[in-house]
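# Coordinates in review
Now for the letters of each chain:
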Amino acid sequence: ETGVTQSPTHLIKTRGQQVTLRCSSQSGHNTVSWYQQALGQGPQFIFQYYREEENGRGNFPPRFSGLQFPNYSSELNVNALELDDSALYLCASSPALTGGYTFGSGTRLTVV
Amino acid sequence: DAKTTQPPSMDCAEGRAANLPCNHSTISGNEYVYWYRQIHSQGPQYIIHGLKNNETNEMASLIITEDRKSSTLILPHATLRDTAVYYCIVRVANLGSGTYKYIFGTGTRLKVLA
């Protein structure tokens, strides 16, 4: 049984650029959530995908968007990057809508 | 909109029980409490969860007070590898969608001392 895998592991972008982060959910998991974790803070919920549709969103602006594919993998897209977007981005998958999430190791994004 | 409060740090001697407290005084009746831990900015690792009954698994025990306003995670015999940030989390419904999200607090940094 493979876990949740995220790519890339590290990324450096310039302010104003766009970035796409990728997540492969654990086998059998159809629900994916994305979290942002700033240094020294707990993860903050960005949004959740189920059956290829967004069905829950935290307090993040529209420039944070995502996709879920038929194989349940997912992407997080961030447009017009700001310095404060520098963080660890975590993907988590679950076999159901009710939680019990398995987290990936994250993508460390640095915006300069 | 954090729903949990935890002490920022704790120390525990190796081999002793580590008791990590969490306050969640605004928790609603159908909201579960989850515990995860995070080592060196890796992804959080699931430990245990519960609603109102005490729970135990191979990693830990979870004691939830009768009024559900607080809980304690117990690692019965802490080892050096248990050094991590421990998060007490409330699972909250995403309104209108039938789905759920985790609300993390800032966690407790547990240091197990040799």
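First, a word on scope: everything that follows refers to the structure included in this document. (Residues numbered from 1 in each chain as written. Chains lettered and ligands numbered in written order. Predicted model: local features only at pLDDT ≥ 70, side-chain atom pairs only at ≥ 80, totals over all residues. Heavy atoms only, no water.)

Here we come to the sheet that holds strand β6 (residues 61-64) of chain B. Residues and elements named next belong to chain B. The four strands lie next to each other as β2-β7-β6-β5, forming an open sheet whose pairing is antiparallel. Across the chains shown, the open sheet's two edge strands, defined by having one partner strand only, are β2 (18-23) and β5 (55-56). Relative to strand β7 (residues 70-75), β6 runs antiparallel, the two sharing four bridges. Its bridge partner being in β7, Leu-62 is matched across the sheet by Leu-73. (Pairing = 2+ DSSP bridges. Helix = DSSP H or I, 4+ residues; strand = E, 2+ residues; numbered from the N terminus.)

This next bit is on the packing of aromatic side chains. Residue and element names in this part refer to chain A. Considering all chains together, one arrives at 14 aromatic pairs over all chains under this definition. Here the aromatic rings of Tyr-35 and Phe-103 are separated by 5.7 Å at their centres, their planes lie at 50 degrees, and the arrangement is tilted. Taken together, the positions of Tyr-35 in strand β4 (residues 31-37) and Phe-103 in strand β10 (residues 102-103) put the pair 68 residues apart, joining distant regions of the chain. Here Tyr-35 matches Phe-103 in class, with each residue buried. (Phe/Tyr/Trp six-rings, centres within 6.5 Å; stacked < 30°, edge-to-face > 60°. Buried < 20%, exposed > 50% of the residue type's maximum accessible area, 1.4 Å probe, protein only.)

Taken together, the contacts link 19 residues of chain B with 21 residues of chain A. Counting each side, the surface lost to burial between chain B and chain A is near 1600 Å², with a carbon and sulfur contribution of 52%. At the boundary of chain B with chain A, the tally comes to zero salt bridges. Within the residue set of the side of chain B that touches chain A, elements represented by two or more residues are β3 (33-38), β8 (84-94) and β9 (99-104) of chain B. Considering each element in turn, the side of chain B that touches chain A owes the most residues, five residues, to β9(B). Looking at the side of chain B that touches chain A, its residues break down into seven nonpolar, 10 polar and two charged. (Contact = heavy atoms within 4.5 Å. Buried area = accessible area lost by both parts, 1.4 Å probe. Salt bridge = Lys/Arg side-chain N within 4 Å of Asp/Glu carboxyl O. Nonpolar A, V, L, I, M, F, W, Y, C, P; charged D, E, K, R; others polar.)

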